[in-house]
Amino acid sequence: MRCPSIRDTGVALFLFLAPPTLQSQDSPESVRVKQDVLWRKMEDSVQSLSRRADAVVGIAIVDLTDQRSFFQNADAVFPTASTIKMAVLAELYRQDEKATAGGAGAKLGDLYTMDPRDVVDESFILGGLTPGVSRVTNHDLATMMVAVSDNGATNVLIDRVGMENVNTMLARLGLKETRLRRRMLDVKAALAGRENTATPRELVALLSALYSGRVFSKATTEAFFTMLGTGKDSYIPRLLPDAVRVANKPGALTAVRNDAGIVFVNNRPFAIAVMTTFGRDDAASERAIAEISRTAWSYFDRIGSSSPLGRVVR
């Protein structure tokens, strides 16, 4: 029988004394505990920002990786302002996919000839086209609607996809308070009580459904979020690094500021909706949305760029 050599003994001793990290990584329970600490810090900061805002603030934040969520006044109904245009865009892309496959519906390539009767206030691009001459596609109108929130282009698209079709899509997704009830700048409708509304929870539910592919195909989903990311003057990305991809739609009325979208943090995208109303200082409400977004981004960026143990690995 061979006696153990010094080498054999050394190997055995090394294996016996080898630290656990050489045998296994961090446990899921341990990972969760550490992320919980950071999540609570994020919640505390967001709540503090909300309390300081001189407005009623509703917030919904959802981690699109593990569905962890933060909600504050998230079931309160708010006026959407232009944020409802996100639903109009979704219905346009849904119809285009259906029509391309041989069904009925509006297509992104359908042509529109500029009609001066479609011009309303804040028709930033549509109003500059030549009546009866300029021809653009629904895709062009959608770009106007998202990039500069052109109200005239939005109303043309509402007429083309159908207001009831937008609401049917929202209802099919289980949304009860998010509704398109009037065209843009229809003051008479607003005075009659027909306001476009949503809740923060439902806006992130809509975004989550779109992101997860529940509304249309992977290719259409990517095209939709590329379009939704066209806008520049908005609140969610205002304090974020320029390299961060954001697809969102802000909205503004007197005393109302909203923004909702997806922030595509590497390895940790999240959906966020912040809605404010009864605000006395619109600029302050915009700043509050931007600060809340930055606070949420800080958590997701930290988790997305770190190993389970918390080391930043790039």
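Before reading further, recall that the structure is shown in the block above.
Residues numbered from 1 in each chain as written. Predicted model: local features only at pLDDT ≥ 70, side-chain atom pairs only at ≥ 80, totals over all residues. Heavy atoms only, no water.

Asks: Before we go on, may I ask you to explain the overall build of the protein chain in this structure?
Replies: Secondary structure assignment for the protein chain yields 10 helices and 9 strands. Summarising its shape, the C-alpha atoms of the protein chain cover approximately 100 × 50 × 35 Å along the three principal directions. Out of the 314 residues belonging to the protein chain, those deemed buried represent 49%. For the protein chain, contacts bridging at least 24 residues in sequence account for 63% of all contacts bridging at least 6. As displayed, the protein chain offers around 15,800 Å² of accessible surface, 54% of which is attributable to carbon and sulfur atoms. In the protein chain, 39 side chains carry a positive charge and 35 a negative one; their mean positions are 4 Å apart. (Helix = DSSP H or I, 4+ residues; strand = E, 2+ residues; numbered from the N terminus. Buried < 20%, exposed > 50% of the residue type's maximum accessible area, 1.4 Å probe, protein only. Contact = heavy atoms within 4.5 Å. Areas by Shrake-Rupley, 256 points an atom, 1.4 Å probe, with all protein chains shown as cover. Lys, Arg positive; Asp, Glu negative; His and termini not counted. Charge placed at Lys NZ, Arg CZ, Asp CG, Glu CD.)

Asks: What's the story with the pattern of salt bridges in this structure? I'm lost.
Replies: Should the charged atoms of two oppositely charged side chains come close, the side chains can pair. Here the structure, examined in full by the defined rule, presents 16 salt bridges. Linking Asp-66 and Arg-268 is a salt bridge whose minimum nitrogen-to-oxygen distance equals 3.1 Å. On the criterion of sequence distance, the pair formed by Asp-66 in the loop between strand 1 (56-63) and strand 2 (69-72) and Arg-268 in the loop between strand 8 (256-263) and strand 9 (270-277) is long-range, its members being 202 residues apart. On the basis of relative accessibility, which here comes to 11%, the residue Arg-268 falls in the buried class. In this structure, the salt-bridge partner of Arg-182 is Glu-195, at a minimum N-O distance of 2.8 Å. Separated by 13 residues along the polypeptide, Arg-182 in the loop between helix 6 (163-172) and helix 7 (187-191) and Glu-195 in the loop between helix 7 and strand 6 (197-198) bring together distant segments of the chain. For the pair Arg-182 and Glu-195, one class covers both residues: buried. (Salt bridge = Lys/Arg side-chain N within 4 Å of Asp/Glu carboxyl O.)

Asks: Where do I start with the packing of helix 2 (residues 28-52) against helix 10 (residues 282-304) in this structure?
Replies: Packed helix pairs are characterised by how far apart their axes lie and by the angle those axes make with each other. Running from amino to carboxyl end, helix 2 crosses helix 10 at an angle of 175°, the nearest separation of the two axes being 9 Å. Judged by the angle between their axes, helix 2 and helix 10 are roughly antiparallel. Where helix 2 abuts helix 10, its residues Gln-35, Leu-38, Trp-39, Met-42, Ser-45, Val-46 and Leu-49 lie against Glu-291, Ile-292, Thr-295, Ala-296, Tyr-299, Phe-300, Arg-302 and Ile-303. Across the contact of helix 2 with helix 10, the residue classes tally to 10 nonpolar, 3 polar and 2 charged. (Axes fitted to C-alpha atoms, helices over the stretch in contact; angles between N-to-C directions. Parallel < 35°, antiparallel > 145°, perpendicular 65-115°, else oblique. Nonpolar A, V, L, I, M, F, W, Y, C, P; charged D, E, K, R; others polar.)

Asks: Is there a simple way to explain unusual backbone geometry in this structure?
Replies: Among all residues except glycine, the phi angle is most often negative; among peptide bonds, the trans geometry is most common. At Ser-149, a residue that is not glycine, the phi angle is positive and equals roughly 55°. As for its position among the elements, Ser-149 is in the loop between helix 4 (138-147) and helix 5 (151-161). Despite not being glycine, Leu-185 has its phi angle at roughly 60°, a positive value. Mapped onto the elements, Leu-185 comes out in the loop between helix 6 and helix 7.

Asks: Before we go on, may I ask you to explain the sheet that holds strand 8 in this structure?
Replies: In any sheet, the strands associate via hydrogen bonds between backbone groups, in a parallel or an antiparallel arrangement. Read across the open sheet, the 5 strands follow the order 2-1-9-8-7; overall the sheet is antiparallel. Each of the sheet's edge strands pairs with one partner strand only, and the pair in question is strand 2 and strand 7 (246-253). Recorded for the sheet is a direction-independent mean angle of 5° between the axes of neighbouring strands. Alignment of strand 1 against strand 9, held across 8 bridges, turns out to be antiparallel. Following the sheet pairing, Ile-59 is matched in strand 9 by Val-274. (Pairing = 2+ DSSP bridges.)

Asks: What should I look at first to understand a nonpolar patch on the surface in this one?
Replies: Where nonpolar side chains cluster on the molecular surface, the patch consists of Phe-124, Ile-125 and Val-148 and spans about 250 Å² of accessible area. Note that Val-148 resides in the loop between helix 4 and helix 5. Among the residues examined, Val-148 registers a relative accessible area of 34% and is labelled partly exposed. (Patch = residues over 30% accessible without salt bridge, like charges linked within 9 Å, V, L, I, M, F, W, Y side chains within 5 Å.)

Asks: Is there a simple way to think about the packing of helix 3 (residues 85-100) against helix 9 (residues 218-228) in this case?
Replies: Relative orientation of the contacting elements helix 3 and helix 9 amounts to 145°, with a least axis distance of 11 Å. The interaxial crossing formed by helix 3 with helix 9 has right-handed handedness. On helix 9, the residues touching Met-86, Leu-89, Ala-90, Tyr-93 and Glu-97 of helix 3 are Thr-220, Ala-223, Phe-224, Met-227 and Leu-228. When its residues are assigned to classes, the contact of helix 3 with helix 9 shows 8 nonpolar, 1 polar and 1 charged. (Left-handed = near helix turned anticlockwise from the far one by under 90°.)

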